[in-house]
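# Examination of the molecular architecture
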Amino acid sequence: FNSTGRRRAVCEYAENGKPLTEVTFRVDPKDVYVRITVIDEKGYPANTNAYFTDELFDWYNIMKKRNIPIYICNPSKHAEKIFKITGLYNLMPKIV
């Protein structure tokens, strides 16, 4: 699920017995922050840090205007799991 720092949260659930491999969430500029939580089949959660939306939008727009590619570097094993499940690697490839 996606927490936003205000009274809006978005949840997606896998169908019984099927893995959830990709989810897309709309980030509203009014959201204070975005934090993604993934819960595995055993009930163990993995959380990202909170990313403040004003900084994310500013940073993303600057990079996009300059045609600078965006990559993910050295994610923790929990963040790696979240990035794979959410499909974030499709937008920002991992640097090995």
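Computed from a predicted structure; not experimentally measured.

Together, Tyr51, Leu56, Trp59 and Tyr60 line one region of the surface with nonpolar side chains, adding up to about 380 Å² of accessible area. Residue contributions to the nonpolar patch peak at three residues, all from helix H1 (residues 53–65). Structurally, the position occupied by Trp59 is in helix H1.

So, on to the packing of aromatic side chains. By the definition in use, this model includes one aromatic pair. Judged by centre distance (6.2 Å) and plane angle (70°), the rings of Tyr33 and Phe52 are edge-to-face. Separated by 19 residues along the polypeptide, Tyr33 in strand E3 (residues 33–39) and Phe52 in strand E5 (residues 51–52) bring together distant segments of the chain. Its relative accessible area of 22% is what places Tyr33 among the partly exposed residues.

Before going further, it helps to examine the confidence of the model for the chain. As a note on interpretation, predicted positions should not be read in detail where pLDDT is low. Averaged over all residues, the pLDDT of the chain is 76; the fraction at 70 or higher stands at 83%. The spread of mean pLDDT over the elements of the chain runs between strand E1 (residues 2–3), the lowest at 64, and strand E4 (residues 45–47), the highest at 85.

This next bit is on the side chain of Thr53. Inspection of the secondary structure puts Thr53 in helix H1. In this structure Thr53 touches Val27, Asp28, Pro29, Asp31, Val32, Tyr33 and Val34, once residues within four positions along its chain are discounted.

In the structure shown here, the tally under the stated rule is one salt bridge. A salt bridge links Lys18 to Glu15; the shortest N-O distance between them is 3.6 Å. Accessibility classification places Lys18 together with Glu15 in one group, the exposed group.

The next point concerns the side chain of Thr48. Structurally, the position occupied by Thr48 is in the loop between E4 and E5. Judged by its relative accessible area of 6%, Thr48 is buried. With residues near it in sequence (within four places) discarded, Thr48 still touches Arg35, Ile36 and Ile82.

Reading the values: rules and limits
- Residues numbered from 1 in each chain as written.
- Predicted model: local features only at pLDDT ≥ 70, side-chain atom pairs only at ≥ 80, totals over all residues.
- Heavy atoms only, no water.
- Patch = residues over 30% accessible without salt bridge, like charges linked within 9 Å, V, L, I, M, F, W, Y side chains within 5 Å.
- Areas by Shrake-Rupley, 256 points an atom, 1.4 Å probe, with all protein chains shown as cover.
- Salt bridge = Lys/Arg side-chain N within 4 Å of Asp/Glu carboxyl O.
- Helix = DSSP H or I, 4+ residues; strand = E, 2+ residues; numbered from the N terminus.
- Phe/Tyr/Trp six-rings, centres within 6.5 Å; stacked < 30°, edge-to-face > 60°.
- Buried < 20%, exposed > 50% of the residue type's maximum accessible area, 1.4 Å probe, protein only.
- pLDDT = per-residue confidence, 0-100.
- Contact = heavy atoms within 4.5 Å.

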